[in-house]
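Notes for the structure review
So the chains spell out like this:
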Amino acid sequence: MHDRVLVRVSEVDWAALNLLPPAAGRLLVATPLLGDPHFRRTVVYLLEHDGGGTVGVVLNRPSHTPVGQVLPDWHDAVSGPAVVFGGGPVQPDGALCLGLLDGRVSDEVGAKDIVDGVATVDLDGDVAVITPMARRLRVFAGHAGWSSGQLEHELAEGAWWVLAGSPDDLFSEGPRTMWRDVLRRQAAPLSLLSSYPEDATVN
C-alpha cells in the first residue's frame, strides 16, 4: 500500500459529491485533492470490494510497451491500443489480463467472472481457446489495492469520486483523456470539473 498525499486546494466538499458506494464494475476517479503521483488524475476500474479490502486497475496509464514484447502469444488477441497498461503500484512486475467474454466462463478455460461479462483471464492458459469467446482483452502490469477500511477513509477525505462504470470504460480506445471524458458525461457539478487545471494548486 502507498500513502496518498492530499493537496489542499479549495473549500469544496469533494466527498459530498459521492453518490454511489464502491462496488465491482464501478469507477474510482481521483479528485483534484489526490496528489499521490501513483494515482493523480487516474480512473480506476474496481474488480473487488468487500470486507477484506478493495482491488482495481488504473485505466488511463497506457505504457509504450507492446503486449507482444512481453507476451508474444497474446499480442494479436488484445484490444487496441495493444500495449501493456500500468494497472497500479501493487505487484507492478505481475501481469493481469481482463477480458469481456461471451456468456459465462469457468476456471476450466482459464477465466473467472467478475461483473458485467468482465472476467480475469489466465495468461498461462491457451490463447487459442480464450480468443474465440473474447470480444475484448487488455493486459495490465500491477494493480491498485486498499486494505480493509482504507478506501472508505480516502473517500471521506475527498480523494476519490465513485462513479458508474462499464466495460466500455475498461477497454476504452482513448485512455489518455479518460479522466476528463468520464467527468464530462456526469451531471453538474462534476461535469464542470472536467476542465479543472492540471496543476491542482492553481484555483
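Going by the structure above, here's the rest.
What comes next is a walk through the structure. Since this is a predicted model, take the numbers as computed values, not measurements.

1. Structural notes on the pairing of strand 8 (residues 118-121)
The sheet contact formed by strand 6 (residues 90-101) and strand 8 spans four bridges and is antiparallel. By the bridge assignment for strand 8, L100 is matched with V118. In this structure, strand 7 (residues 111-115) lies alongside strand 8, joined through four bridges in antiparallel fashion. Pairing of A111 across the sheet is with V121, part of strand 8. Connecting strand 7 to the next strand, strand 8, in antiparallel fashion are two residues, including D116 with a positive phi near 55°.

2. Quick word on the nonpolar core
In this structure, V29, L59, W160, W161 and L170 are the most contacted members of the largest nonpolar core, which totals 40 residues. With five residues, the single largest contributor to this core is strand 2 (residues 43-50). If you look at the next biggest cluster of nonpolar residues, it comprises 17 residues, including L101, V121, L123 and V127.

3. Thoughts on the environment of F140
For F140, the position within the fold is in strand 9 (residues 134-147). A relative accessible area of 1% means that F140 is categorised as buried. Remark: the alpha-carbon pair of F140 and F85, spanning 55 residues in sequence, is separated by 4.6 Å. Leaving out residues up to four positions away in the same chain, F140 has contacts with V57, V58, L59, V84, F85, G87, G94, A95, L96, L98 and L170.

Calculation notes
Residues numbered from 1 in each chain as written. Predicted model: local features only at pLDDT ≥ 70, side-chain atom pairs only at ≥ 80, totals over all residues. Heavy atoms only, no water. Pairing = 2+ DSSP bridges. Helix = DSSP H or I, 4+ residues; strand = E, 2+ residues; numbered from the N terminus. Core = buried A, V, L, I, M, F, W, Y, C linked by side-chain atoms within 4.5 Å. Buried < 20%, exposed > 50% of the residue type's maximum accessible area, 1.4 Å probe, protein only. Contact = heavy atoms within 4.5 Å.

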